[in-house]
Structures are given as structure tokens and as C-alpha cells.
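Summary of structural features
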Amino acid sequence: MVTDPLVARMRPFGTTIFAEMSALAARTDSVNLGQGFPDTDGPPEMLEAAVRAIREGRNQYPPGPGIPELRAAIAAHQREFWGLGYDPDSEVLVTAGATEAIAAAVLALCESGDEVVCFEPYYDSYAASIALAGAVRRPVTLRPAPDGGYGFDPDELRAAFGPRTRVVLLNSPHNPTGKVFTADELALVASLCVEHDAVAVTDEVYEHLVFDGAHVPLAGLPGMRERTVQISSAGKTFSCTGWKVGWACGPAPLVSAVLRVKQFLTFVNAGPQQPAVAVALGLPRSYYDGFRDSLRDKRDRLCLGLSDAGFDVLRSDGTYFVTADITPLGGTDGVEFCRSLPERCGVVAVPTQVFYDDVSAGRQLIRFAFCKRDEVLDEAVARLRKLSDA
């Protein structure tokens with residue numbers, strides 16, 4: 001009898017922390033500020049377009065690269081917001097969310113033994129994708145900075161590059177820290193990519209959720225358009241995380257490579273949702289501005305409540321998330337703290353140490369999601385205040 005059929009490279013990966021904590025929230029009837037999904041639906045124009053597409057019979061396989069109107073809408077979006085021109089027929093690929101785009105890109109671009117530079121803490125699928133490719137992680141640690149956000153050591157980044165570097169995997173705005181990489185930081189990443197002839201795979205799913213500063217796509221920097229696979233999705237921007245409609249943009253040879261892998265993962269996806277996302281991408285800028293401003297207010301609401309509850313809150317410049325240090329509340333281990341939190345006060349968060357290779361760097365940090373209705377955030381804060389009252 002086979003006792004452990006799983007291949008060795010995937011044995012370190014068990015049930016995701018998001019599934020574990022969401023199940024814990026349901027079991028304990030806790031307020032779930034762990035997994036990053038909104039509790040309201042996206043714009044009505046998009047939802048109505050999906051219903052219309054279903055009724056009009058757009059329920060069979062879409063074209064492998066994605067339906068033409070969505071690829072055209074993605075290209076128009078990239079040009080309007082970021083000044084990046086992509087040919088919708090050869091430089092845009094629709095995927096099953098950004099997660100599939102990242103996995104397909106890493107699998108397409110990395111040979112066994114190639115090295116992937118990434119910043120930790122990292123979204124858990126990054127490590128799994130790198131392992132599936134037989135590649136090697138070279139993490140650079142983001143650490144709490146004196147200004148309340150996160151920074152990294154430029155020399156540590158330079159040291160992570162070497163003769164086997166194939167891909168740099170960059171997430172900005174960054175999950176779970178909420179960091180938005182600065183122009184100087186991005187320029188350093190770009191210069192190292194050019195110097196080492198590396199390909200950049202950029203996860204930009206929170207591109208429209210920058211509260212302080214501005215989002216700067218790495219592909220727009222000198223020498224980077226021809227070596228960057230730019231990835232985003234509809235899930236976060238249009239509050240439809242369950243639809244799993246993402247995309248990858250880049251020069252035709254890179255996008256073609258990603259497509260050759262992607263076609264054997266999901267083949268195609270989300271037939272009726274694709275035309276609806278095309279409609280959403282065509283919404284006026286007022287939608288994007290209003291959505292960002294609403295999430296900024298929610299960030300401020302939760303950060304104030306976390307501070308009142310006794311946490312040391314680290315500034316979040318973007319995304320759905322804010323991280324907090326549990327040390328002032330006597331916490332020493334984020335996993336233990338988060339597993340006990342539902343019983344102590346009826347709230348669920350996520351320990352960020354599970355997203356580090358250097359576990360000690362994040363042991364006392366946990367992540368809260370603020371993409372929830374105001375009354376849900378207020379209830380969570382009221383419960384969390386029990387921690388400082390104890």
C-alpha cells in the first residue's frame with residue numbers, strides 16, 4: 001500500500017491557511033476577517049451583463065486566449081490607466097484568475113533548478129507554483145520599517161540574483177503587507193532584471209486599490225516591457241472573487257509561452273462571465289475612484305479599531321489588508337494567536353508567518369481583511385476590544 005502518494009516537492013503544502021481559518025470562522029460563528037473576499041457584490045452593470053450572457057447562450061467553450069471583446073477591453077484598460085500598449089490578439093491572455101496566470105507563467109518560464117526571486121511574505125500560491133516547476137525560491141524579506149510600513153534591504157535583493165535567476169515574481173500592491181513599492185524600489189528591481197536577463201512576472205491584482213502613493217507597473221520602466229508578464233484580474237477590482245477571471249499581458253513570445261501551459265491547466269474558463277468583465281472594464285473612472293475611496297475609509301476604520309484594541313498596526317498603503325503586531329497583547333506566535341482568537345473574542349484573522357521562509361520575521365504579525373461592510377468591521381472591532389479589556 002502506498003503510504004504517501006504525493007510527490008516530494010508538494011509535501012510541504014497542506015491545506016491553505018485561508019481554508020483553515022475560514023472553516024474555523026464558520027465553525028465558531030466568528031467574524032471572518034481572514035480570507036480576502038468582499039461581502040457585497042460588484043457593479044450592477046457587470047452582474048446584469050453576466051445574466052444577459054447566460055440567457056443569450058454564451059455558455060460553451062470560449063476561445064482559448066479569451067473572448068475577443070474581453071481581450072480588447074483589457075488592452076484598452078492597460079492603455080488608459082497605465083499607458084501600456086498591448087495587441088489584444090497576441091499580447092493578452094484570459095486566465096482562470098490571477099492564480100492560474102502566475103502558475104502558468106512560472107511553469108512556462110522556469111526549468112528545473114532555475115531560481116525565482118520573490119519578496120516574503122508571499123501569497124502562498126507563489127511557493128507552490130515554484131515547487132511545481134522544480135525551481136528554487138530566493139526570497140527577499142520585507143520587514144517592518146520605522147515609518148510604520150514595510151521595506152527591504154537593497155543589498156539583500158542584489159544578493160538574491162545570480163547566474164540561475166530566471167524569474168522575478170513581484171506583487172505590488174503587496175499581499176499580505178499592504179506595501180506599495182516605491183518608484184526607487186521598482187527601478188532597482190528593473191535594473192537587476194535587465195542586468196541578469198531575468199523575466200518579471202508581476203501580480204497587480206490590487207492595481208486600483210492604492211490609498212497612499214501611486215501604482216507604477218514595472219512593465220512601464222525602461223527595458224521592462226519586453227521582459228514582463230503583467231498579471232491582474234477582475235476579482236478584487238469588481239468584487240467578484242468567485243468568478244476567477246484574470247489575465248496576463250506582455251510581449252507575444254512570453255504570452256504565447258504562458259498560453260501553451262495554461263491550455264493544459266483549465267483549457268478555458270468563465271464563458272458567460274468574460275463578456276461581463278469586458279463591460280466592467282469599460283466603466284467610467286468614477287467607479288474606480290469611488291471603489292478606492294470606499295476601501296480607504298474601511299482601512300482607516302479598521303486600523304483605528306485595531307489600535308484601540310491594543311494591536312501595533314502597520315500602515316497599509318493598498319490592497320484589502322492590514323497587518324498588526326500581536327506583541328502588545330502578549331502574543332508571541334501568530335498561528336497560536338489566530339487559532340485561539342475565535343474562542344477568545346469571536347474574530348478570525350490570518351497569521352502571516354506561514355507566508356515566510358524566514359518564519360521568525362513574521363512570527364508576531366497577523367493579517368486582517370477590511371473588504372467588508374462597515375457594520376461587520378464595527379462588530380469585529382467591538383469583539384477585539386475584549387482582548388485589551390481582559
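Reference entry: report on the structure contained in this document. Throughout this description, residue numbers start from 1 for each chain and increase along the sequence as written. With pLDDT at 70 or above as the cut-off, local features in this predicted model cover only qualifying residues; side-chain atom pairs require 80 or more to be listed or tallied, and sums for whole chains, interfaces and linings still use all residues. Working from all heavy atoms in the structure, the side-chain values ignore hydrogens and water.

So, about the packing of helix α4 (residues 97-109) against helix α9 (residues 252-262). Axis definition: a line fit to C-alpha positions, over the contact stretch in the case of helices; interaxial angles, taken between N-to-C directions, run 0 to 180 degrees. In DSSP terms, a helix is any run of H or I states spanning at least four residues, a strand is any run of E spanning at least two, and both are numbered starting from the N terminus. Contact geometry for α4 and α9: axes closest at 8 Å, N-to-C directions at 105°. Put simply, α4 runs roughly perpendicular to α9. Contacts from Glu100, Ala101, Ala104, Ala105, Leu107, Ala108 and Leu109 in α4 reach Leu254, Ala257, Val258, Val261 and Lys262 in α9. Residue polarity follows a fixed list, in which Ala, Val, Leu, Ile, Met, Phe, Trp, Tyr, Cys and Pro are nonpolar, Asp, Glu, Lys and Arg are charged, and the others, Gly among them, are polar. Taken together, the residues of the contact of α4 with α9 break down into 10 nonpolar, no polar and 2 charged. Geometric relationships in this document are graded by angle, where less than 35 degrees denotes roughly parallel, more than 145 denotes roughly antiparallel, 65 to 115 denotes roughly perpendicular, and other angles denote oblique. When checking whether two residues touch, look at their non-hydrogen atoms; a contact exists if any pair is within 4.5 Å.

Covered by surrounding structure in strand β10 (residues 246-249) are Gly246 and Ala248 together with Trp247 and Cys249, the residues of both alternating faces. Paired strands, as defined in this entry, are two strands with at least two bridges between them according to DSSP. The sheet contact formed by strand β2 (residues 92-95) and β10 spans 4 bridges and is antiparallel. For Thr95, the partnering residue across the bridge sits in β10 and is Gly246. Looking at chain direction, strand β9 (residues 228-233) and β10 are connected through 4 bridges and run antiparallel. Across the sheet, Ser233 pairs through a bridge with Gly246, a residue of β10. Only protein chains enter the calculation, and the probe is 1.4 Å; a residue is then buried if its accessible area is under 20% of its type maximum, exposed if over 50%, and partly exposed in between.

What follows covers the state of the cysteines. A pair of sulfur atoms, both from cysteines and within 2.5 Å, is called a disulfide here. The tally for this structure, following the rule as stated, stands at 0 disulfides. In this structure Cys118 is a free cysteine whose sulfur lies 11 Å from that of Cys110, the closest cysteine sulfur available. Cys345 takes part in no disulfide bond, and the closest cysteine sulfur, belonging to Cys338, lies 10 Å away.

The next subject is the packing of helix α3 (residues 68-82) against helix α10 (residues 273-281). Packing of α3 against α10 leaves a shortest axis separation of 8 Å and a crossing angle of 25°. The pairing of α3 with α10 is recorded here as roughly parallel in orientation. Pair α3 / α10 crosses with left-handed handedness. Every residue of α10 that contacts α3 at Glu69, Leu70, Ala73, Ile74 and His77 is listed here: Gln274, Pro275, Val277, Ala278 and Leu281. Broken down by class, the residue content of the contact of α3 with α10 amounts to 7 nonpolar, 2 polar and 1 charged. Should the near helix be turned anticlockwise from the far one by less than a right angle, the crossing is left-handed, and should it be turned clockwise, the crossing is right-handed.

Turning to the sheet that holds strand β14 (residues 350-351), a few remarks are in order. With respect to topology, 4 strands assemble into an open sheet ordered β11-β12-β15-β14, the strand pairing being antiparallel. The open sheet is flanked by β11 (312-313) and β14, the only strands paired with a single partner. Relative to strand β15 (residues 365-369), strand β12 (residues 321-325) runs antiparallel, the two being bridged by 5 bridges. Across the sheet, residue Asp325 finds its bridge partner in β15, namely Leu365.

A few words on the layout of surface pockets. The space that makes up the largest pocket amounts to roughly 510 Å³. In this analysis the probe radius is 1.4 Å and the grid spacing 1 Å, with only protein atoms considered; a cavity is a set of points the probe fits into but cannot get out of, a pocket is an open set with protein on both sides within 12 Å along at least five of seven lines, and lining residues have an atom within 4 Å of a point. As for the largest pocket, its lining consists of 27 residues, of which Gly36, Thr99, Tyr123, Lys236 and Lys244 are closest to the centre. Of all the elements in the fold, those that place two or more residues in the lining of the largest pocket are α1 (17-28), α4, α5 (124-132) and α8 (234-237). Here the lining of the largest pocket gets 4 residues from one element, more than from any other, and that element is α4. Grid points are joined across faces, edges and corners, and a volume is the space filled by probe spheres set on the points.

Moving on, we come to empty space enclosed by the protein. Left-over empty space is what a probe sized like a water molecule reveals as it rolls over the atoms. For the coordinates displayed, the defined rule picks out 1 cavity of 30 Å³ or more. In this structure, the largest cavity spans a volume of roughly 40 Å³. What lines the largest cavity is simply Leu170, Asn171, Ser172, Leu186, Thr202, Asp203, Glu204, His215, Val216, Pro217 and Leu218. Tallied by class, the residues present in the lining of the largest cavity amount to 5 nonpolar, 4 polar and 2 charged.

Moving on: the packing of aromatic side chains. Working definition: a ring pair exists when centres of Phe, Tyr or Trp rings (six-membered ring for Trp) sit within 6.5 Å. Plane angles under 30 degrees give stacked, over 60 give edge-to-face, the rest tilted. Taken as a whole, this structure holds 19 aromatic pairs when the rule is applied. Pairing Phe18 with Tyr123 gives two aromatic rings, centres 5.9 Å apart and planes at 35°, and the pair type is tilted. Pair noted here: Phe18 is in helix α1 and Tyr123 is in the loop between β3 (115-120) and α5, with a separation of 105 residues, a long-range link. Judged by centre distance (5.5 Å) and plane angle (70°), the ring pair of Tyr206 and Tyr320 falls under edge-to-face. In this pair, Tyr206 sits in the loop between β8 (199-203) and β9 while Tyr320 sits in the loop between β11 and β12, placing the two residues 114 residues apart along the sequence.

Moving on, we get to α9. Restricting attention to buried positions, one finds in α9 the residues Leu254, Val255, Val258, Val261 and Lys262. Buried residues of α9 fall within an arc of 120° about the axis and therefore sit on the same side. Among the exposed residues of α9, those oriented more than 90 degrees off its buried face are Pro253 and Arg260. Looking at the buried side of α9, the elements it contacts are β2, α4, β8, β9 and β10. It is the directions from the helix axis to the C-beta atoms that the arc portrays.

Turning to the pattern of salt bridges, a few remarks are in order. Salt bridge, as used here: a side-chain nitrogen of Lys or Arg that lies within 4 Å of a carboxyl oxygen of Asp or Glu. Applying the stated criterion across every chain, the model contains 29 salt bridges. The salt bridge partner of Lys262 is Glu100, with a shortest N-O separation of 3.1 Å. A residue pair is termed long-range when its members are at least 10 positions apart, and Lys262 in helix α9 and Glu100 in helix α4 qualify at 162 residues. Across this residue pair, the class does not change: Lys262 and Glu100 are buried.

These results come straight from atomic positions and should not be treated as a statement about function.
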